[in-house]
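# What the coordinates show
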Amino acid sequence: KQEVTQIPAALSVPEGENLVLNCSFTDSAIYNLQWFRQDPGKGLTSLLLIQSSQREQTSGRLNASLDKSSGRSTLYIAASQPGDSATYLCAVFGKAAGNKLTFGGGTRVLVKP
Amino acid sequence: DGGITQSPKYLFRKEGQNVTLSCEQNLNHDAMYWYRQDPGQGLRLIYYSQIVNDFQKGDIAEGYSVSREKKESFPLTVTSAQKNPTAFYLCASSTLQGILDEQYFGPGTRLTVT
């Protein structure tokens, strides 16, 4: 059974600092990994999708890395802004979950002005 | 405007009543999903459907039912058998190439049962 863990559960940083969010998963037989952003009371917005064959993906200030063998992904957000305050969730898609997405519990981020 | 709509945004029901949550997509996606989210927790899969008139149970299907009569629509009924129905419900869709494609999410429906 696939398990996805995100530590820490909450993070507070001053504006301008780089954010580093961690995601770990127990079964490395994944097809892809997605990072999502969720604002309070809202749905999920997809930020980045990394295929199992890729090591990283970039979009603007966001960069996500994937190390399948160690079961880890990291989301980097450069030069954080107060607007980056949200909950960030990672999810893996793979065989262990019956070809469905398995979500981590999320990291709640607060960027202080 | 392409996307997924869920209605209503907030829903209140008395215990013992069935309630149906709406999910519509105009992305021409084959697969649709229902998730439940509880405070401080990740999403858990309730039901999913990959084709019209077919659907499969997810990890927490007990007390829920779905239908998929049209490609665009995947309503979820929360029955009185669901022991703890108060939660935030999210609908998602993707192409059937799930391996390659992203899941897109609707804005969610917050259900409160008292």
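Structure shown above.
Conventions used here
Residues numbered from 1 in each chain as written. Chains lettered and ligands numbered in written order. Predicted model: local features only at pLDDT ≥ 70, side-chain atom pairs only at ≥ 80, totals over all residues. Heavy atoms only, no water. Core = buried A, V, L, I, M, F, W, Y, C linked by side-chain atoms within 4.5 Å. Buried < 20%, exposed > 50% of the residue type's maximum accessible area, 1.4 Å probe, protein only. Helix = DSSP H or I, 4+ residues; strand = E, 2+ residues; numbered from the N terminus. Contact = heavy atoms within 4.5 Å. Pairing = 2+ DSSP bridges. Axes fitted to C-alpha atoms, helices over the stretch in contact; angles between N-to-C directions.

### Remarks on the nonpolar core
Counting 22 residues, the largest nonpolar core has A:Phe25, A:Leu33, A:Trp35, A:Leu75 and A:Tyr88 as the members making the most contacts within it. For this core, the secondary structure elements donating two or more residues are strand E3 (19-25), strand E4 (30-38), strand E5 (44-51), strand E7 (62-67), strand E8 (72-77), strand E9 (86-94) and strand E11 (107-112) of chain A. Residues contacting A:Leu33, with those up to four places away along its chain left out, are A:Cys23, A:Phe25, A:Leu48, A:Leu49, A:Ile50, A:Leu66, A:Ser73, A:Cys90, A:Ala91 and A:Val92. Residues B:Leu21, B:Ala61, B:Leu76 and B:Val78 belong to the second largest nonpolar core, which totals 21 residues.

### Regarding the sheet that holds strand E6 (residues 56-59) of chain A
Strand pairing in a sheet takes place through backbone hydrogen bonds and is either antiparallel or parallel in direction. Residue and element names in this part refer to chain A. Read across the open sheet, the 5 strands follow the order E1-E3-E8-E7-E6; overall the sheet is antiparallel. Lying at the two open borders of the sheet, with one neighbouring strand each, are strand E1 (4-5) and E6. Pairing between E3 and E8: 6 bridges, direction antiparallel. Within the sheet, the bridge partner assigned to Ser24 lies in E8 and is Arg72.

### Notes on the sheet that holds strand E7 (residues 64-66) of chain B
All names here are of chain B. Strand order in the open sheet made by the 4 strands is E1-E3-E8-E7, with antiparallel pairing throughout. Looking at strand neighbours, the two that pair on one side only are strand E1 (4-7) and E7, the edges of this open sheet. Recorded for the sheet is a direction-independent mean angle of 20° between the axes of neighbouring strands. Relative to strand E3 (residues 19-25), E1 runs antiparallel, the two sharing 4 bridges. If you follow Ser7 over to E3, its bridge partner there is Ser22.

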